[in-house]
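So you can see what is in the structure, the chains are spelled out below.
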Amino acid sequence: MDPECRLAVAGMSTRLKVALLVPTRNAKSQKSIDFLDWLRRVDQQTLQPEWKRAIDSHSQDDTQEALAASGWELTVISPEDFDHGRTRNQLWQGTDADICVFMTQDALWAETGGLACLLEPFQDPKVAVVSARQLPRPGAGPLEAQARVFNYPSQSWVAEASDIPRKGVKAAFVSNSCAAWRRSALALIGGFPETLMGEDTLAAARLLQKGWKVAYSADAVVYHSHAYSARSEARRYFDIGVFHRSHPEYLATLGKPEGEGKAFVKHQFRWLARQKAYACFPGAILRLFSKYGAYRLGRDFLAWIPPRFRPYLSSHPDWWRAHSPS
């Protein structure tokens, strides 16, 4: 942890009450990380939250027992009742914390000072949300690692509405895999929207419009990445397309995402070449076309897809089953 960050937060932590909030489902049996290690690393943080709350989507393993043994306050819901926005609203609205830190069950703190560093930008009273840096998990493949290198740079930044023409969609870049929100700012916009995905970036865009700032802390680091198959990645991009279709005001505020997509593709092939990962080129090309096709399917052609088929195209089938006409 940076010494200046430690000193700044030491004074600030006496004034701010923090809640650590996480939705879980079968975390104990996930393959990406050891959930008991996840719990230990939370307990090892130099700054400890006043609340540790979880909403579990009826896990079929020992997730609930592990959370209870670590002192977490636990609520259990059915998987069909989970919604990225509504479920997180249930978590933060149950506390009177000043700062609400959201994590996912597979984002692992890299250092014991991570939570403290995540709070440091809140010294600026106009900062509404701070997102952590995500590094690829140990053993990540080249394509998995490149996505984190592109999206999570080594330099911190703060954006406001005047930066939108320059940064575009990146001005509202936030990931609730590990992000801290000022509770008063969340309350001002009525919390997270209930949506298939993207509740974090949509909330950030709304806050920018209201004069708040969005920050990214390169000093608050978690290990978090996914070894998506080509099919899983296509489903995720189908969901992104649906998100953009469902919330046209998001793109109206921040601009079209195509420029960021082109930058990602250029970075990917240059990065793979520098890593001499030439064997990944065919797969990267295949994924490029499948992701773009899935995105367009969700954004431009959703109305043509019968509701009963939509869960099979999505990475969140339970959401569709809960929200589709019976």
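The sections below set out a description of the structure shown in this document. Per-chain numbering applies: the sequence of each chain, read as written, is numbered from 1 onward. The model is predicted, so local features are restricted to residues of pLDDT at least 70 and side-chain atom pairs to those at 80 or more, both for listing and for counting; the totals for chains, interfaces and linings are taken over all residues. The side-chain numbers reported here are obtained from all heavy atoms of the structure, hydrogens and water having been left aside.

## Quick notes on helix 13 (residues 281-300)
Here comes step 1: Think of it this way: any DSSP run of H or I at least four residues long counts as a helix, any run of E at least two long counts as a strand, and we number them from the N terminus. Working rule for helices: expected span equals 1.5 Å times residues minus one. In this model helix 13 runs 28 Å from its N-terminal to its C-terminal C-alpha over 20 residues, within 8% of the 28 Å that 1.5 Å per residue would give.
Here comes step 2: Relative accessibility under 20% of the residue-type maximum defines a buried residue, over 50% an exposed one, and the middle range a partly exposed one, all with a 1.4 Å probe and only protein chains included. For helix 13, the set of buried residues is A284, R287, K291, A294, Y295 and G298. Projection of helix 13 onto a plane perpendicular to its axis shows the buried side chains occupying an angular sector of 100°, all on one side. Across helix 13 from its buried face, at more than 90 degrees, point the exposed residues P282, L286 and F289.
Here comes step 3: Buried residues belonging to helix 13 abut helix 6 (142-151), helix 10 (230-246) and helix 12 (258-274). The directions from the helix axis to the C-beta atoms are what the arc is built from. Note on contacts: a residue pair qualifies if any of its non-hydrogen atoms lie within 4.5 Å across the two residues.

## Digging into the nonpolar core
Here comes step 1: Residues F102, W181, Y250 and L254 are the most contacted members of the largest nonpolar core, which totals 44 residues.
Here comes step 2: The element that contributes the greatest number of residues to this core is helix 9 (residues 199-209), accounting for 6 residues.
Here comes step 3: Apart from residues lying up to four places away in sequence, F102 is in contact with L21, R88, L91, W92, N176, S177, C178, A179, W181, L186 and F192.
Here comes step 4: By size, the runner-up hydrophobic cluster in this structure holds 35 residues, among which are A27, V42, A107 and A132. We define the nonpolar core as a collection of buried residues of types Ala, Val, Leu, Ile, Met, Phe, Trp, Tyr and Cys that are connected through side-chain atoms lying within 4.5 Å of one another.

## Concerning the pattern of salt bridges
Here comes step 1: By definition, a salt bridge exists where a carboxyl oxygen of Asp or Glu is found within 4 Å of a side-chain nitrogen of Lys or Arg. The tally for this structure, following the rule as stated, stands at 18 salt bridges.
Here comes step 2: Between R299 and E258 there is a salt bridge, and its shortest N-O distance comes to 3.3 Å. With a gap of 41 residues between them, R299 in helix 13 and E258 in helix 12 connect regions that are remote in the sequence.
Here comes step 3: When its relative accessible area of 32% is taken as the criterion, E258 is described as partly exposed.

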